[in-house]
Amino acid sequence: MTAKTARSPSVAIIGAGWAGCAAGVELSRLGAKVTVYEAARVPGGRARRVEHQAQLLDNGQHILLGAYRDTLKLMQAVGLHPEQCLLRLPLQMRYPQGVDGMDFIAARLPAPLHLLVALLRAQGLAFADKLALARFSSAARWMGWQLHVDCSVSELLERFDQTDRLNRLLWHPLCIAALNTPPERASAKVFLNVLRDSLGAARSASDMLLPRLDLTALFPEAALAHIAKQGAELHLGVQVRSVSPSAGRWMIHSDQANQEVDAVILANSPAGAQHLVQAIDAKLAESLQFDYEPITTCYLQYPAALRLPLPFYALADDVSKAHWAQFVFDRGQLDTAQAGLLAMVISASSQAQALSHEQLVQDLSAQLAAALNMKELAQPLWSKLITEKRATFACVPNLERPECDTGHTGLWLAGDYTQGDYPATIEGAVRSGLQAAGLLMQSLRS
Ligand SMILES: Cc1cc2nc3c(=O)[nH]c(=O)nc-3n(C[C@H](O)[C@H](O)[C@H](O)COP(=O)(O)OP(=O)(O)OC[C@H]3O[C@@H](n4cnc5c(N)ncnc54)[C@H](O)[C@@H]3O)c2cc1C
């Protein structure tokens, strides 16, 4: 095949989300001639910048973890400084004071003391709750954070005799934030993987990292600029319509032109990849079929002087009270240009989606005003609601996820949904992009 000659192999990447951008950086580093096609004008995919009222918002408020080692490494590789771009906070689950909640924050001590001390100091938990949590943590460590047979997170918690209060105030919001799937339907195996790399690892891995830049600036934009300097061709605002094999190479048919390349990475979400491979391999297309869970982010703007006591809070969700959100973030504490702007997050938001925008904004501002005991929060100056209907795949037990290797020479998959330890996350996407790029180059050289 032509790609096995001494010249640089040509590779097309379809999709400039975090997976596609990670693949681009790695392929460029390994000497490939890269072309990136991105349908949108702004790169970043499901973690991207959105402009509204002259403000740079995101399509959804994101949180990263210290355990996102490949993401942090790649940010550095493209010239960013993660310690400046992200606000690093100790692992925490802090509810506003004065309501039914708890206050749990990791201590600045080496693992596992950081959690032990947090547990001893935690407010809002009874002795029985603390004992149950300590039991869970030591049993999970003893099991190596592994389960041989997958089950739901709820079943796992029941097996470990977790109290109602812990389930409601700790495990439910943690599971829904990490897997975007409610505990009764979420995979215990994947949940334990996340806990292993955060609670079970060094203290810094459990840190929570809040973006100070918009999500496109946080990596995708810098990644594309970095590879463009090394000769990559970028086509933003160009949708690829189809890909087809062509005498051992691949033809890319886009809105603009056709291009023949040695290999192609489909980094364009499972549904997009499914559409492109349908005519090539029906079985592969079938393996790209997923159920999805939505996420809704509601931005609420208040006068610039408004500042919450903490950069973010957990909120108790309760459908019966129309309390939909699980978290609120004070964007002004991340970026002074956004003073007075709060972002409320509803993960697995299918029930909330049934409401009109007006009703949901009203419910959310009322929830916030009640939780923080600040009447003025009920009347934002403006609001912006963004729902990503296919935010993540539903991370259910025993989910079959496709490998990066499609089995077709020169055709690779990359994205948060490919086989891996993580649920649909930025780190899952980045690792998948790196893996696809590495395996692709290996295959062309062998
Ligand atoms: C609201 C929300 C909140 C989230 N919160 C978190 C969080 O707190 N922490 C976390 O780690 N993760 C979070 N996630 C998940 C995370 O954003 C995703 O896992 C990650 O961004 C997926 O990246 P990806 O590259 O795999 O796919 P995508 O981001 O879907 O990228 C695919 C790209 O391909 C492009 N494309 C599609 N079809 C074509 C075509 N035919 N031609 C050219 N281009 C095409 C798309 O425009 C897109 O840019 C959240 C997701 C959402 C939506």
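Since the structure is predicted, the reported quantities are computational estimates derived from the model, not experimental observations. (Residues numbered from 1 in each chain as written. Predicted model: local features only at pLDDT ≥ 70, side-chain atom pairs only at ≥ 80, totals over all residues.)

Attention shifts here to the packing of helix H1 (residues 18–29) against helix H10 (residues 220–229). Interaxial distance between H1 and H10 falls to 9 Å at its minimum, and their mutual angle equals 25°. Of the possible angle classes, the one that applies to H1 and H10 is roughly parallel. As for the relative orientation of H1 and H10, their crossing is left-handed in sense. Contact with H1, carried on its side by Trp18, Cys21, Gly24, Val25 and Ser28, involves Pro220, Ala223, Leu224, His226 and Ile227 of H10 and no other residues of that element. For the contact of H1 with H10, the per-class residue count stands at seven nonpolar, three polar and no charged. (Axes fitted to C-alpha atoms, helices over the stretch in contact; angles between N-to-C directions. Helix = DSSP H or I, 4+ residues; strand = E, 2+ residues; numbered from the N terminus. Parallel < 35°, antiparallel > 145°, perpendicular 65-115°, else oblique. Left-handed = near helix turned anticlockwise from the far one by under 90°. Contact = placed C-beta atoms within 7 Å. Nonpolar A, V, L, I, M, F, W, Y, C, P; charged D, E, K, R; others polar.)

On to the packing of helix H2 (residues 69–77) against helix H14 (residues 426–445). Following both chains from N to C, one finds H2 and H14 inclined at 70°, their axes separated by 8 Å at the closest point. Classified by the angle between their axes, H2 and H14 sit roughly perpendicular to one another. When you trace H2 past H14, the crossing you get is left-handed. Here Asp70, Thr71 and Leu74 of H2 come into contact with H14, specifically with Ile426, Glu427, Val430, Arg431 and Leu434.

Attention now moves to the environment of Ala371. The residue Ala371 is located in helix H13 (residues 357–372) in this model. In the structure, Ala371 is positioned 48 residues away from His323 in sequence and 9.6 Å away in space, judged by C-alpha atoms.

With that settled, the discussion passes to the environment of Ile265. Within the fold, Ile265 resides in strand S14 (residues 263–266). Residues Ile265 and Lys375, spaced 110 residues apart in sequence, show a C-alpha to C-alpha distance of 51 Å. Not counting the four nearest positions on each side in its chain, Ile265 is found in contact with Val11, Ile13, Ile14, Ala23, Trp412, Ala414, Ala436 and Leu440.

On to the site of the ligand, then. The full set close to the ligand counts 38 residues, and Gly15, Gly17, Gly45, Gly60 and Thr425 are the nearest of them. Secondary structure elements with two or more residues in the shell around the ligand: H1, strand S2 (33–38), helix H11 (269–277), strand S15 (292–301), strand S19 (382–393) and H14. Ranked by residue count, the leading element in the shell around the ligand is H14, at four residues. Of the residues belonging to the shell around the ligand, the class tally is 17 nonpolar, 16 polar and five charged. (Near = placed C-beta within 6 Å.)

To continue, consider the domain arrangement of the protein. One can read the domain layout of the protein as domain 1 (8–67 + 214–290 + 400–445), domain 2 (91–206) and domain 3 (292–393). Computed from C-alpha coordinates alone, the two centres of domain 1 and domain 3 are separated by 31 Å. Facing 14 residues of domain 1, the contacting portion of domain 3 comprises 16 residues. For the side of domain 1 that touches domain 3, the secondary structure elements donating two or more residues are strand S3 (49–52) and strand S4 (55–58). Of the residues assigned to the side of domain 1 that touches domain 3, the class counts are seven nonpolar, six polar and one charged. (Domains from an automatic or database assignment.)

Spatial strand order, S16-S17-S18-S15-S19: five strands in an open sheet with antiparallel pairing. The sheet is open, and its two edges are formed by strand S16 (312–314) and S19, each paired on a single side. Neighbouring strand axes in the sheet, compared pairwise and without regard to direction, differ in orientation by 15° on average. Across seven bridges, S15 lies against strand S18 (residues 341–347) in antiparallel orientation. Paired with Tyr299 across the bridge in S18 is Ala343. (Pairing = 2+ DSSP bridges.)

The next point concerns the nonpolar core. Counting residues in hydrophobic clusters, the biggest one holds 132 residues, and the most contacted among them are Val11, Ala23, Phe191, Val264, Ile265, Val328 and Met344. Excluding its chain neighbours within four sequence positions, the residues that come into contact with Val264 are Val11, Ala12, Ile14, Val243, Trp250, Ile252, Gly410 and Leu411. (Core = buried A, V, L, I, M, F, W, Y, C linked by C-beta atoms within 7 Å. Buried ≥ 20, exposed ≤ 12 C-beta atoms within 10 Å, placed from the backbone.)

Time to look at the pairing of strand S11 (residues 240–246). Strand direction decides the pairing type here: S11 and strand S12 (residues 249–254), joined by six bridges, are antiparallel. Bridge assignment links Val243 to a residue of S12, and that residue is Ile252. Here S11 folds back onto S12, and the loop between the two strands holds two residues, one of which, Ala247, carries a positive phi near 45°.

In this model, the protein carries a mean pLDDT of 95, and residues with pLDDT of at least 70 account for 98%. Across residues 1–5, where pLDDT falls below 50, the model places nine contacts with residues more than four positions away in sequence or in other chains. (pLDDT = per-residue confidence, 0-100.)

This part is about the sheet that holds strand S1 (residues 10–14). The five strands lie next to each other as S10-S2-S1-S14-S20, forming an open sheet whose pairing is parallel. In this open sheet, the two strands that pair with only one neighbour each are strand S10 (233–236) and strand S20 (411–413). Averaged over neighbouring strand pairs, the angle between their axes works out to 15° when direction is ignored. Pairing analysis gives three bridges linking S14 to S20, with the strands arranged parallel. Its bridge partner lying in S20, Val264 is registered against Leu411.

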